[in-house]
Amino acid sequence: MSAPLQINPNVKNIQQVQNEKLARLAEQIKEDIRRGSIKSFKEVIDVSWGNPHNGGLKPQTFVRQVLAACVYPELLDSEQLEADVKQRAQKLLMCVGGSIGSYTNTAGIPEVVQGITEFISRRDGGVPCHPENIFISSGSQWCLSNILRVLVNTKALLPTAVLSPVPCHPTMMLSLTAEGVIPVPYHLCEEEGWALKGEELQRALQSAHGVCNPVALYVINPGNPAGLVQSRASIQEIIRFVYERRLFLLADEVYQDCVCGADSQFISYKQVLVEMGPPYSDSVELASFHSASKGMMGECGLRGGYVELVNVDPAVMEYIYMLFSMDICASLSGQMAIDLMTNPPQPDEPSYPLYWQEKEEIRRTLVHNARKAIEAVNLLVGFSCQPVHGGAFMFPRVNLPLRAIQSAQEAGLPPDMFYCMRLLEEVGLLVSPGCDYQQEKGTYHIRICIMVQEEILDELLRRLKIFHTKFMKEFS
Amino acid sequence: QSKRKWFCVILARPYKSSQSGAAAGGGGSTWCGSVRGETKMSQQAANGDRCRAKVLTVETMNPNVKRVEYAVRGPIVQRAVQLEKELKQGAKKPFTEVIKANIGDAHAMGQKPITFFRQVLALCAYPALLEEEKFPEDAKQRARRILAACGGHSIGAYSASQGIECIRQDVSRYIEKRDGGIPSNPDNIYLSTGASDAIVTMLKLLVCGEGRQRTGVMISIPQYPLYSAALADLAAVQINYYLDEDKSWSLDVAELRRSLNAAREHCNPRVLCIINPGNPTGQVQSRQCIEDVIRFAKEERLFLMADEVYQDNVYAEGCKFHSFKKVLFEMGPEYSSTVEMASFHSTSKCFMGECGFRGGYMEVINMDPAVKAQLIKLVSVRLCPPVPGQALMDLVVNPPQPDEPSYTTFVKEKTAVLAALAEKASITEQAFNTMPGFTCNPVQGAMYTFPRISIPQKAIDKAKELGQVPDMFYCMKLLEEEGICLVPGSGFGQRDGTFHFRMTILPPTEKLKIVLQRIKDFHLRFTQEFS
């Protein structure tokens, strides 16, 4: 009946993510500790996902106060809440007809969507943004899946493909496969800080010739897991490339607020596109994704994300709308998180000082962690890590000794997975293995989320050093 | 098809330079005339300019997505939103507000949230409130427990894709209690972003095969159009089985058999979907019927999908909600160990009405472990369901107990909500059954009425002229003249030659009575106009 034979082949094709195994092992270890098992560590440090609150970073007070007041409007009478918190909550409640238990318009609460357009416009130096081009959903991946689904061209002779980076975060790979889309890998240049090279894009596109039908290019800027932040010139190069090669541009910009490199600056694809003027600005089809899960808010659990569509055929927009309407609407918690992200307290408002302080503290933590973690890891023999200019992760390369690789093969595990399992078992540190990220063959990496409390970073670096030294000695 | 027109009127152009923008705007109503399907011109052709062809056009896009329709959010709702906008801008209309009786959104119609739930959720959102005396101890205790299960003690952390473990455990306990002790394994519980998410995930998982081996999915007519939309999107074969309008929309196994046998000619039927209590029909299936369906599913080796989101919404005397799982297990091991099933629940309906939280779950029964391994991969794509929705589901399955401080208020509120719904169900049913031109089956449960309307031949002809389905024509006119938004029966499926609409029973009682009166008046006028 529902034996493995009779399952959607797209689902069967989804690669088993090794991280899942590690997560289960971590649960087991936590359970063992709960039952009194003695280990060299009291708790597991989990930095395998981009999950800032899990890493000890705190939510923004303003966001949570507004959310609480919307959830339980009796709080609007509370003296504990500032006037601007109450105003914001009241405004949101009015927009949704009095209760956040209601459904909203498909694309999102109109006032929130309007707020997004103003945010985008401000960010992009005044470039206009139209509300009809915005769709909010329960997470940016949800938006991405919907757009991918529309892009699948089953009428073409060859299967639909999307150029995607190597390395790339596994959720994107999952999304592609689930929609039956083939990834065409283009390699980021590790030696040059994970730079995106034009020639490599050309090569990748060429490799697809006669094999599959590439319809889009997916870029992540700032990167995940790679910590690159693209320069304006690099973005222009990409735009020219998609224009010439007729590709839809999928720009995942969820880490736009996580820039930690001193000389780095986030510039949006949209802004560069518009500044390049015609023919690019009125023809390149662009989907740009943002999320409340990342940045200084880190509200992953509230599930809020949006997509801005640029230069998309109006007739297709109709169908995109229809697809989003099947989900009815994004969760209200997500929509509110997006609103508070795009429309934070202003300098003349009472919540502003605390908001500013909290935000800056997290930013300082990110900058500090990026620097400290890279330094520490690069001191370990066998590790080399590119600088992290943006994003929430470091992705150091580990040169595993031959004996370790052999042991891994004997155990039937990818070598970096082998390393990660031992790391988890021996020092209680949960990171994710490079094999989940489509890395260059013969190279091994681990990904560590650095958007964590400084104390947690110190502890994880300490454990990593102890383990790594021992591991390298054992397998040298 | 003119029902598409409204999309285009409302949909403004995406950002583009003025040369192409003007053409798109000016051509708004003309090129929309043939928007659907292959006859649509590409933007380039419409503009008549020489800008390059787009990558993503109606020709190159996913053909399955083009077949997706979702009536509950379809053209009539678009028009309703437009009318609301116009009213806001001061336009004069024969009505002062648009009453959106199209969607099962209780809070939008004034239903109050359950105090206890909102208290706990507020505490979870802003844990500093745990210090405040105004919150009862049982609310605080639950908030603390939920927060302890969250990464970093924050509802802003991702949870496991399947959902927070202790919540899944609570869901299992709830199911066990509901089903008289039949065991439920938390590993079989998948929390989701509303029930819709879980339903689509299951269909995504199961639909496969090519040509005549393409998966066929049985669904009732009438049905909740998420199913037809999802099946179109997946290019699955939709197999319709008709509920019997003359017998209060009951399900007859003979009809299941007829439809299945016909379907075997052209597809591979593997799934049977049933909504109980029903949407839009409101029928609550009898225990016997549920047994018959289970027996049928076993005989024909079908995966059963039981949509039970309205399980607390049962009003009619003599009607009772029987969970598919309970009946399955009471039928003995021959069935309970073989029939594969998924049952769905949600925080959007029942007495909670918390649609905006997007909370839901499914329980899978007798699923092959290898298939479960595939399922977990699929749910990982969405990372995790909204944590506030997960927390809410926890409260729904773990409400105040008799010895707890919030119990009295909780029970009072819950009872009041369900009583109000029952009253409104009764008022609505009675009203329609006394109106000439309407027949309405008993609203045994759920949140809707689905009355059958008689439409004069002249009106049917006029509708045809305009390229509209007759009940859409009727509902559009009702919207324009009375500001009442309903969903035409054609959006849900109905027997040929019959016409219906779905109206929610959710507006406040006084408003509901007014709405019913106005529908009655409209129908009289309509019938006279087209006599």
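As named in an unreviewed UniProt entry, chain B is alanine transaminase, taken from Gouania willdenowi. The annotation that UniProt attaches to chain B under Cofactor (unreviewed entry) is "pyridoxal 5'-phosphate".

Per an unreviewed UniProt entry, chain A goes by alanine transaminase and derives from Gouania willdenowi. A UniProt comment under Sequence similarities (unreviewed entry) is attached to chain A, and it reads "Belongs to the class-I pyridoxal-phosphate-dependent aminotransferase family. Alanine aminotransferase subfamily." The UniProt entry for chain A carries this comment under Cofactor (unreviewed entry): "pyridoxal 5'-phosphate".

J.: A description of the UniProt feature "domain: Aminotransferase class I/classII large" (unreviewed entry) in chain A should follow, citing residues and the corresponding values.
T.: Mapped onto this numbering, the UniProt entry annotates "domain: Aminotransferase class I/classII large" (unreviewed entry) at residues 84–464 of chain A. Across residues 84–464 of chain A one finds 43% helix and 15% strand; the C-alpha atoms that close the span lie 45 Å apart.

J.: So, the side chain of Ser333(A): which residues are in play, and what are the values?
T.: Among the structural elements, Ser333(A) can be located in helix α12 (residues 332–342). Ser333(A) gets classed as buried once you look at its relative accessible area, which sits at 8%. A polar side-chain atom of Ser333(A) sits 3.0 Å from the main-chain carbonyl oxygen of Leu302(A). Discounting chain neighbours no more than four positions away, the residues touching Ser333(A) are Leu302(A), Pro386(B) and Pro388(B).

J.: Tell me about helix α11 (residues 314–326) of chain A, residues and numbers included.
T.: All names here are of chain A. Here α11 contains 13 residues, and its C-alpha end-to-end distance of 19 Å stays within 8% of the 18 Å for a straight helix at 1.5 Å per residue. Most of α11 sits out of view: 13 of its 13 residues are buried. The backbone nitrogen of Ala315 has a side-chain oxygen 2.9 Å away, supplied by the residue at the start of α11, namely Asp313. Of the residues flanking the end of α11, it is Ile328, one or two places downstream, whose phi is positive at about 70 degrees.

J.: Could you give an account of the interface of chain A and chain B, naming the residues involved and the relevant values?
T.: In this assembly, 99 residues from chain A lie in contact with 107 residues from chain B. When chain A packs against chain B, the two sides together hide about 9,200 Å² of surface, and 59% of this comes from carbon and sulfur. Here chain A is connected to chain B by one salt bridge. In this structure, the salt-bridge partner of Asp233(B) is Arg149(A), at a minimum N-O distance of 2.5 Å. Linking chain A with chain B are 43 residue pairs in polar contact (both at pLDDT 80 or more), by the criterion used here. Among the secondary structure elements, those contributing two or more residues to the side of chain A that touches chain B are α1 (9–13), α3 (61–71), α6 (140–151), α7 (170–178), α9 (232–245), α11 and α12 of chain A.

How each quantity is defined
Counting of residues starts from 1 at the beginning of each chain's written sequence and follows it residue by residue. Here every chain gets a letter starting at A, and every ligand a number starting at 1, in the order they are written. Where totals are concerned, whole chains, interfaces and linings use all residues; where local detail is concerned, this predicted model gives features only for residues with pLDDT of at least 70, and gives and counts side-chain atom pairs only at 80 or more. Calculation of side-chain values draws on the structure's entire complement of heavy atoms; hydrogens and water are dropped beforehand. UniProt positions are given in the numbering used here, feature names are shortened, and annotations may be inferred rather than shown by experiment. Note on conventions: DSSP H or I runs of at least 4 residues are helices, E runs of at least 2 residues are strands, and numbering of each starts at the N terminus. Note on exposure labels: buried denotes an accessible area under 20% of the residue type's maximum, exposed denotes more than 50%, and partly exposed covers the range between, all computed with a 1.4 Å probe on protein chains only. Any pair of nitrogen or oxygen atoms within 3.5 Å is treated as a polar contact; in protein, a donor-acceptor pairing is required on top of that, and neighbouring residues in sequence qualify only through side-chain atoms on both sides. Contacts were defined at the residue level, with two residues in contact if any of their heavy atoms lie within 4.5 Å. Helix span, as expected, comes to 1.5 Å for every residue beyond the first. The term buried area denotes the loss of accessible surface (1.4 Å probe radius) that occurs when two parts are joined, taken as the sum for both partners. Salt bridge criterion: a side-chain nitrogen from Lys or Arg within 4 Å of a carboxyl oxygen from Asp or Glu.

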